[in-house]
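Architecture at a glance
Here is how the chains run, residue by residue.
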Amino acid sequence: MPSAKIIWTKIDEAPALATYALLPVVQAYTKNTGIDIEVSDISLAGRIIALFPDNLAESQKQVDALTALGELTQSPDANIVKLPNISASIPQLQAAIKELQQKGYDIPDYPEEPKNDAERALQLRFTKVLGSAVNPVLREGNSDRRAAASVKRFAQSNPHRMMKPWPENGSMTRVAHMTEKDFYGTEKSKTMDDDEVVSIEFADPSGAKTILKSGLVLQKGEVIDTSVMNVKALRAFYARTINEAKNEGALLSLHLKATMMKISDPIMFGHAVSVYYGKALDKYTAELKEIGANINNGLADVEDKLDRLPLDKKNQIEADIAAVYNEQPALAMVDSRKGITNLHVPNNVIIDASMPNVVRDGGKMWNNDDALQDTIAMIPDRSYATIYYEIIEDCKINGQLDPSTMGSVSNVGLMAQKAEEYGSHDKTFEAPGEGVIRVVDAAGTSLLEQAVESGDIFRMCQAKDAPIQDWVKLAVTRARASGSPAIFWLDENRGHDAEIIKKVNLYIQDHDLDGLDLQILKPVDAMTFSLKRVRRGEDTISVTGNVLRDYLTDLFPILELGTSARMLSIVPLMKGGGLFETGAGGSAPKHVQQFLQEGHLRWDSLGEYCALVPSFEQIARTSGNAKAAVLAETLDEAISTYLENAKSPSRKVNELDNRGSTFYLALYWAQALAAQDRDTELKARFLTLSQELAESESKIAQELINAQGEAVDIGGYFKPDEAKTAASMRPSQTLNRILESI
């Protein structure tokens, strides 16, 4: 029997907990089928541990699984099921380090403000686990993301109930963005004529040069671009919008992505904190510097470190901070009961999760009274702010979208080989002073350059030619397969997009376009086009760059399906293998919190169920393993039954949770395997199993309900205890016994 291997990624938070229930089912059902399931630890804790092998005992050491998986993506045999992991902010990194230290791991503290070369080297080492450290390594292909047909049918037949109407008497909600001197307005781009090794340098007005990065290898045909966020203009924008929110009586909210854009966006976040709380914080610049408070980590970092000051000084600063709220507009709240605002920490409000919720909630966010209120949503950079502006304005005119009738917007996303902004972290810098930052070739010739002022945020992005060709090919393939229009969301007035448009127009000629509808539209126009079709119940393919891929594959699924975790995400790797992603994890922390408090995990593993189908299909296609084809077909049938019977997890304790949902998936999958006739051995094996599961259904369901209602101890957040977590996530001894009998 042909053998093959599926790599299942061990990750963080709610999807990691859910794995303890699901993976034993998958391992049991694939026994003796020629399919091996291997777990690879790319959790935040696992990646931190792998960074410091010299500090640890042999029993504590872990292999660098992420690097190994990155190498595997270059093999045509790669078959990776990738669950959502933490894209760590600095506060998350610090919390994970603290937990590991408490567990006896000799991990050094993260040096926020390095004072010597050793600390600077340590800070550089930690950058390997900060922000979007995983996805650029694994995404060696472009993204095909859409709702599975069974999921979409179910969503329309059983529309989610989270959509709130937009007020008929009008809404103050709007998106506010800059009008000049942002990344969009300053972007310059070019396509490389030849292979080059370049450097990024800063030159001050006297001509003195500082090398910011050297040895950057560029390829012929690669698109490179540079842009600058002018911080004076950014702070003026914040101040102006804060004043407008105060005058209009709207909540103030800030929407960035400090996790994925781990260098630029925390700095932009810090400037918002500085401007909003300026009347208090500006008085204590020396004190805050003394205690090491970093406003880029949010107000929480200031408050947490005030204990380092004398009590009277701490009380004075806290009183001045509290007084700010009487003068400034109310902030959108993350948790009003705990007083956690939008500006508390940078990773609490992430744009691709927060803005869909604004649309879903009728243009509102939560205020300090735990009520919904209109908001002015600050999205400083125009590169992507306009798409949210457009959907907000559309809903103000046309009302809320209807999940029972709305069409889908699937996505083909350019992301291979660290494309565009999500690969810019190592080329993003705060300008050390007034001058010029330029990209220069080996001869010292300037390829691109930007005038900067002190503190401005400079970044350089890349998009290689081969991934762009593959992206165009994937767009044509999906348009042909679906019959839907495929719209390239590209703006000819933006430097980078203008270069990409040239390549799209060139490479699209390599394909048969007969009968296809392919268009290039500005993002704001593409949003208008797509929304008109969505309201008519028609489907559209968005063909986008890396950031818009991320934003749109949360925006539309949250509105259509209630969550982006239910999306099918297939990444055909450029070397022939497959990466199968299972949905977004933005809500995962809240799910963990509920589980720890009352033993109920509401995480929906539908994304994981759906990802396994194409994973099995790839094995069948590449290795000729007929059992894999049967497993794929029957799992797809089981997912349909699961949806039809409404076995998704409830949000409420003492009702069906993730563990119960996975049990029903196992039951329906076993029944589908027993009913099929393509493989008699599997039929016989699962005929007995399905009967036993069906006969034990009531008992298993009750055992799973009985496990709820009390606080749960799993021995850690970032690195939970394996035995405790397994016991908590597999509380049905009846189900465990049946699975072990296979």
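Description of the structure in this document. (Residues numbered from 1 in each chain as written. Predicted model: local features only at pLDDT ≥ 70, side-chain atom pairs only at ≥ 80, totals over all residues. Heavy atoms only, no water.)

This part takes up the overall build of the protein. Along the backbone of the protein there are 28 helices and 24 strands. Expected size for 742 residues packed as a compact globule is a radius of gyration near 27 Å; at 26 Å, the protein falls within 12% of this value. Overall, the C-alpha framework of the protein stretches about 80 × 65 × 65 Å when taken along its three principal axes. Per-residue burial over the protein gives 61% buried out of 742 residues. The long-range fraction of contacts in the protein, counting pairs at least 24 apart against all pairs at least 6 apart in sequence, stands at 79%. (Helix = DSSP H or I, 4+ residues; strand = E, 2+ residues; numbered from the N terminus. Rg over C-alpha atoms; globule rule 2.2 N^0.38 Å. Buried < 20%, exposed > 50% of the residue type's maximum accessible area, 1.4 Å probe, protein only. Contact = heavy atoms within 4.5 Å.)

So, on to the pattern of salt bridges. A complete count under the given rule lists 48 salt bridges for this structure. For Lys-283, the salt bridge goes to Asp-320, with nearest N and O atoms at 2.9 Å. With Lys-283 in the loop between helix H11 (278–281) and helix H12 (285–291) and Asp-320 in helix H14 (residues 311–327), this pair connects stretches of sequence that are 37 residues apart. A salt bridge links Lys-427 to Asp-426, with the shortest nitrogen-to-oxygen separation between them at 2.8 Å. For Lys-427, a relative accessible area of 3% gives the class buried. Look at Asp-426 and you get partly exposed, because its relative accessible area is 40%. (Salt bridge = Lys/Arg side-chain N within 4 Å of Asp/Glu carboxyl O.)

Below, the discussion takes up the packing of aromatic side chains. One pass over the full model with this rule turns up 16 aromatic pairs. Between Tyr-384 and Tyr-551, the aromatic rings sit 5.9 Å apart at their centres with planes inclined by 80°, giving edge-to-face as the arrangement. Of this pair, Tyr-384 sits in helix H16 (residues 382–398) while Tyr-551 is found in helix H20 (residues 546–561), placing the two residues 167 residues apart along the sequence. Here Tyr-551 falls in the buried class, since its relative accessible area comes to 7%. (Phe/Tyr/Trp six-rings, centres within 6.5 Å; stacked < 30°, edge-to-face > 60°.)

Here the focus is the sheet that holds strand S7 (residues 196–203). Reading across the sheet, the 4 strands line up as S8-S7-S17-S18 and stay open at both edges, with antiparallel pairing between neighbours. Where the open sheet ends on each side, the last strands, each with one partner, are strand S8 (209–218) and strand S18 (446–452). Neighbour-to-neighbour, the strand axes of the sheet open up by a mean angle of 15°, direction not taken into account. Judged from the 7 bridges that link them, S7 and S8 form a sheet pairing that is antiparallel. When the bridges of S8 are listed, Glu-201 appears paired with Ile-211. (Pairing = 2+ DSSP bridges. Axes fitted to C-alpha atoms, helices over the stretch in contact; angles between N-to-C directions.)

This part is about the environment of Ala-675. Here Ala-675 is to be found in helix H24 (residues 658–675). Of the residues examined, Ala-675 reaches a relative accessible area of 53% and is grouped as exposed.

The terminal C-alpha atoms of helix H18 (residues 495–507), which comprises 13 residues, lie 19 Å apart, in line with the 18 Å expected from a rise of 1.5 Å per residue. Listed as buried for H18 are Gly-495, His-496, Asp-497, Glu-499, Ile-500, Ile-501, Lys-503, Val-504 and Tyr-507. Residues of H18 that are buried make contact with strand S6 (188–191), strand S9 (223–229), strand S19 (457–463), helix H17 (465–482), strand S20 (486–489) and strand S21 (518–521). (Expected span 1.5 Å × (residues − 1).)

Here we take up H20. An ideal rise of 1.5 Å per residue puts 22 Å on 16 residues; H20 measures up with 22 Å between its terminal C-alpha atoms. H20 sits mainly inside the fold: 16 of its 16 residues count as buried. Phi for Gly-562, located one or two positions after H20, is positive at around 90°.

Another aspect to go through is the pairing of strand S14 (residues 372–378). S14 sits mainly inside the fold: 5 of its 7 residues count as buried. Where strand S5 (residues 174–176) and S14 come together, 3 bridges link them in parallel fashion. Looking at S14, one finds that Ala-176 is bridged to Met-378. Relative to S14, strand S10 (residues 251–254) is paired through 4 bridges, and the arrangement is parallel. Counted as the bridge partner of Leu-251 is Thr-375 from S14. Between strand S13 (residues 364–366) and S14, which follow one another and run antiparallel, lie 5 residues, and Asp-370 among them has a positive phi close to 60°.

Attention now moves to the packing of helix H1 (residues 13–29) against helix H22 (residues 606–623). Viewed as axis vectors pointing N to C, H1 and H22 meet at an angle of 45°, and their least axial separation amounts to 11 Å. Accordingly, the angle class assigned to the pair H1 and H22 is oblique. Handedness of the H1/H22 crossing: right-handed. On the side of H1, the interface is formed by Pro-15, Ala-18, Leu-22 and Val-26, while H22 contributes Glu-608, Tyr-609 and Leu-612. Residues belonging to the contact of H1 with H22 are distributed by class as follows: 6 nonpolar, no polar and 1 charged. (Parallel < 35°, antiparallel > 145°, perpendicular 65-115°, else oblique. Left-handed = near helix turned anticlockwise from the far one by under 90°. Nonpolar A, V, L, I, M, F, W, Y, C, P; charged D, E, K, R; others polar.)

Spatial ordering of the open sheet is given by S6-S9-S19-S16, a layout of 4 strands whose pairing is antiparallel. For this open sheet the edge positions go to S6 and strand S16 (428–430), each flanked by a neighbour on one side alone. Sheet twist, expressed as the mean angle between neighbouring strand axes with direction ignored, is 10°. With 3 bridges connecting them, S16 and S19 associate as antiparallel partners. Bridging from a neighbouring strand, Glu-430 pairs with Ile-457 of S19.

We note that Asn-32 has phi near 60°; this positive angle belongs to a residue other than glycine. Relative to the helices and strands, Asn-32 resides in the loop between H1 and strand S2 (35–41). For Asn-32, a relative accessible area of 65% puts it in the exposed group. Phi at Lys-418 takes a positive value of approximately 60°, unusual for a residue other than glycine. Relative to the helices and strands, Lys-418 is located in the loop between strand S15 (409–413) and S16.

Turning to the side chain of Asp-456, a few remarks are in order. If you trace the backbone, Asp-456 turns up in the loop between S18 and S19. Reaching out from Asp-456, the side chain makes a polar contact with the backbone nitrogen of Val-231 at a distance of 3.0 Å. Every residue in contact with Asp-456, bar those within four places of it in the chain, is listed here: Val-228, Met-229, Asn-230, Val-231, Phe-429, Glu-430 and Ala-431. (Polar contact = N/O pair within 3.5 Å; in protein donor to acceptor, adjacent residues only side chain to side chain.)

The next subject is the side chain of Gln-92. Mapped onto the elements, Gln-92 comes out in helix H4 (residues 90–102). Gln-92 sits in the buried class, given a relative accessible area of 15%. Among the polar contacts made by the side chain of Gln-92, one reaches the main-chain amide nitrogen of Ser-89 at a distance of 3.0 Å. Not counting the four nearest positions on each side in its chain, Gln-92 is found in contact with Leu-44, Ile-86, Ser-87, Thr-259, Asn-347 and Phe-718.

Nothing here speaks to function; it is geometry throughout.
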